[in-house]
Amino acid sequence: MAMRELSRRAVSNSAATRLLVVSREPAALAMLWTLGEANGWEIELTNSGCEALERVQPGNGPDLVVLDLARGDADALYTLRWLRRVRPDVRVMLLAHPEDAGQKVEAMRLGACGYLVRPIDERALASAIRSQLKPAADEQELEITGEKVVQLSDGMFFVASSPVMRKLKAQAELLAQVDVPVLIVGEGGSGKAATARLIHKLSVRSGFRFRRVDCAALPGDLLEHELFGQESARNGDSKFELAEKGTLLLDHIAEAPASLQGRLLQVLQERQFVRAGGQTRVDVDVRIMASANGDLEQALQDGKLREDLYYRLSAFTVQVPALRQRKEEIPLLLGYCMNQMGRRYGLPTRTFSAAVLEACQAHHWPGNLRELETFVKSYLVMGGDEELALAELGQSWDAREADAAGSRNGEILEAEEQSSGLRSLVQSVKGETERGAIAAALEQTHWNRKAAARLLKVSYRTLLYKIQQYQMTPPPSPYLPSAMLGQGAKGNGSEG
């Protein structure tokens, strides 16, 4: 049967999973055709690299490309290189002959997701294809539900469902094709590391390691050893050597010592470095990205960031928006984080009530994604308690909300005697007012926590949580031994 007829029949299959097979060998085509029929995959066949490039155009691409490298074809990897440029997100698996097995390292550097050497067992090939299709199936399910989540690594993901984040993803796709330094700027917890990982994943370096160094976490001498290693060791454990042919992210670049910034500039310019205490130059092939919080212009004025290093890094700058600038993504992020953490901790996932979702949309999220993940974890562990969730959001208001609430403090304190309830206090004022209300109720009820909870119109469980949060302890009692004092919620008072 002619190849065009086989391809036409394959595409008419109603299966959702699509494979594009690029091969000139009838035996490989027949094996993959058989596997496609047995597994319900749509199979498209071609023996031309140019035709393969046409078939993987955005919006109509396959889930996996199986690229069969012709025997002894020195230019076979050009097809892979162009496939990765046209569609950096598509997975490509290679089939090769034993004499061409030396191409494996280069193929993986170019971004191949798998590499099989003949003789190829049909069962092993099917297993390898399924292992590559499983992540694609997960992403397809997210696409069906309208979610735009790219899983980058264990616990790290990139969401692009809002216009501003779709624009950022498009920037990342463009930068992935150009092997240049990138400066990523944004608030803490906004997703700068995830953006760097996305660029790495879409680039031809994705087959190699992504490494991150926090320049603010180590003192200068230890940071230097971390980045460049030591001449006495010579074991290739510097971050530059560990990231060879991959990507190195320098987080909080403005916090690095000035002397170290000079050495980093030298690496960017010469692609060489010298180990600490050594003289020998070490060649390095690493893509460098840097990230920073806050105002870099101020860091330049203060002399914390070298101008020459800044201009070298900032030729391509990416601005990651804060979570409050993409609030339409909050419901998606809440649901996704809940599913991830439920699997991680082995707990049943919790749904978010309308009141909690509304509070999340109204919240300012000064801690961005990091704060949201912490909130979801607390909500999961606390069993989906709505009152605790609202209290958590109320207690983490940012300064602007606190200032607005502060102008109403006098009115609220007058109304406090009428016991309008803990939730209204949480929504209006911060820490000290709430703690004072709880302390007054506990004192009035002689530390009878159930009676205090009724007075405050909150659940008993919420009151226990707040007592622990504020580290409140009962006053000394002549009826209790001193060893029992300072035990917080367990210390005193009848629960009748």
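Being a predicted model, the structure only gives us computed values, none of them experimental.

With that settled, consider the packing of aromatic side chains. Counting across every chain of the model gives eight aromatic pairs. The interplanar angle of 45 degrees and the centroid separation of 5.7 Å between the aromatic rings of Phe-228 and Phe-273 together place this pair among those described as tilted. Here Phe-273 lies in strand β11 (residues 272–274) and Phe-228 lies in helix α9 (residues 220–228), a separation of 45 residues in the sequence. Each member of the pair, Phe-228 as well as Phe-273, carries the same accessibility label: buried. An aromatic cluster of three or more residues is present, and its members are Phe-352, Trp-365, Phe-375 and Tyr-379.

This paragraph deals with the nonpolar core. In terms of nonpolar packing, the biggest core is built from 33 residues, with Leu-227, Phe-240, Leu-250, Ile-253 and Leu-305 touching the most fellow members. Elements represented by at least two residues in this core include exactly β8 (182–185), α9, β10 (247–251), α11 (258–270), β13 (287–292), α12 (296–301) and α13 (307–313). The biggest single contributor to this core is α11, with five residues. The residues touching Leu-305, leaving out its near neighbours within four places in the chain, are Ile-253, Ala-254, Gln-261, Leu-296, Ala-299, Leu-300 and Tyr-310.

One open sheet holds the five strands; their spatial order is β9-β10-β13-β8-β14, and the pairing between them is parallel. Strands with a single pairing partner mark the edges of an open sheet, and in this sheet they are β9 (210–214) and β14 (317–319). Between one strand axis and the next, the sheet turns by 20 degrees as a mean value, whatever way the strands run. The pairing of β8 with β14 spans three bridges and is parallel. Opposite Ile-184, over in β14, you have Val-318 as the bridge partner. Against the sheet, helix α8 (residues 192–202) contacts β8, β9, β10, β13 and β14, and its axis sits at roughly 160 degrees relative to β13.

A cluster of nonpolar side chains, contributed by Tyr-345, Leu-347 and Val-381, occupies part of the molecular surface with about 260 Å² of accessible area. Relative to the elements of secondary structure, Leu-347 occurs in the loop between α14 (330–345) and α15 (354–362).

Spatially, five strands are ordered β2-β1-β3-β4-β5 in an open sheet, and the strand pairing comes out parallel. The open sheet terminates on both sides in strands that have one partner only, identified here as β2 (42–46) and β5 (114–117). Strand-to-strand twist in this sheet, taken as the mean axis angle between neighbours without regard to direction, amounts to 20 degrees. Bridging between strand β3 (residues 64–68) and strand β4 (residues 91–96) involves five bridges; their strand directions are parallel. By the bridge assignment, Val-66 is partnered in β4 with Met-93. Lying over the sheet, helix α2 (residues 26–39) contacts β1 (18–22), β2, β3 and β4, oriented at roughly 165 degrees with respect to β2.

Here the focus is the confidence of the model for the protein chain. Summary statistics for the protein chain give a mean pLDDT of 77 and a share of 77% for residues scoring 70 or more. Within the model, the stretch residues 136–147 combines pLDDT values under 50 with eight contacts to residues more than four positions away or in other chains. Per-residue pLDDT stays below 50 along residues 478–496; that stretch engages in 31 contacts with residues further than four places along the chain or on separate chains.

Structurally, Ala-216 is set in the loop between β9 and α9. Taking the C-alpha atoms as reference points, Ala-216 and Ile-253, separated by 37 residues in sequence, lie 7.8 Å from one another. Apart from the residues within four sequence positions on either side, Ala-216 is in contact with Asp-251, His-252 and Glu-255.

A separate point is the packing of α14 against α15. α15 packs onto α14 with a crossing angle of 120 degrees between their chain directions and a minimal axis gap of 10 Å. With respect to α15, the element α14 is oriented oblique. For the pair α14 and α15, the sense of crossing is right-handed. Contact with α14, carried on its side by Ile-330, Pro-331 and Leu-334, involves Leu-357, Cys-360 and Gln-361 of α15 and no other residues of that element. The class makeup of the residues in the contact of α14 with α15 is five nonpolar, one polar and no charged.

Rules used in this analysis
- Residues numbered from 1 in each chain as written.
- Predicted model: local features only at pLDDT ≥ 70, side-chain atom pairs only at ≥ 80, totals over all residues.
- Heavy atoms only, no water.
- Phe/Tyr/Trp six-rings, centres within 6.5 Å; stacked < 30°, edge-to-face > 60°.
- Helix = DSSP H or I, 4+ residues; strand = E, 2+ residues; numbered from the N terminus.
- Buried < 20%, exposed > 50% of the residue type's maximum accessible area, 1.4 Å probe, protein only.
- Core = buried A, V, L, I, M, F, W, Y, C linked by side-chain atoms within 4.5 Å.
- Contact = heavy atoms within 4.5 Å.
- Pairing = 2+ DSSP bridges.
- Axes fitted to C-alpha atoms, helices over the stretch in contact; angles between N-to-C directions.
- Patch = residues over 30% accessible without salt bridge, like charges linked within 9 Å, V, L, I, M, F, W, Y side chains within 5 Å.
- Areas by Shrake-Rupley, 256 points an atom, 1.4 Å probe, with all protein chains shown as cover.
- Salt bridge = Lys/Arg side-chain N within 4 Å of Asp/Glu carboxyl O.
- pLDDT = per-residue confidence, 0-100.
- Parallel < 35°, antiparallel > 145°, perpendicular 65-115°, else oblique.
- Left-handed = near helix turned anticlockwise from the far one by under 90°.
- Nonpolar A, V, L, I, M, F, W, Y, C, P; charged D, E, K, R; others polar.

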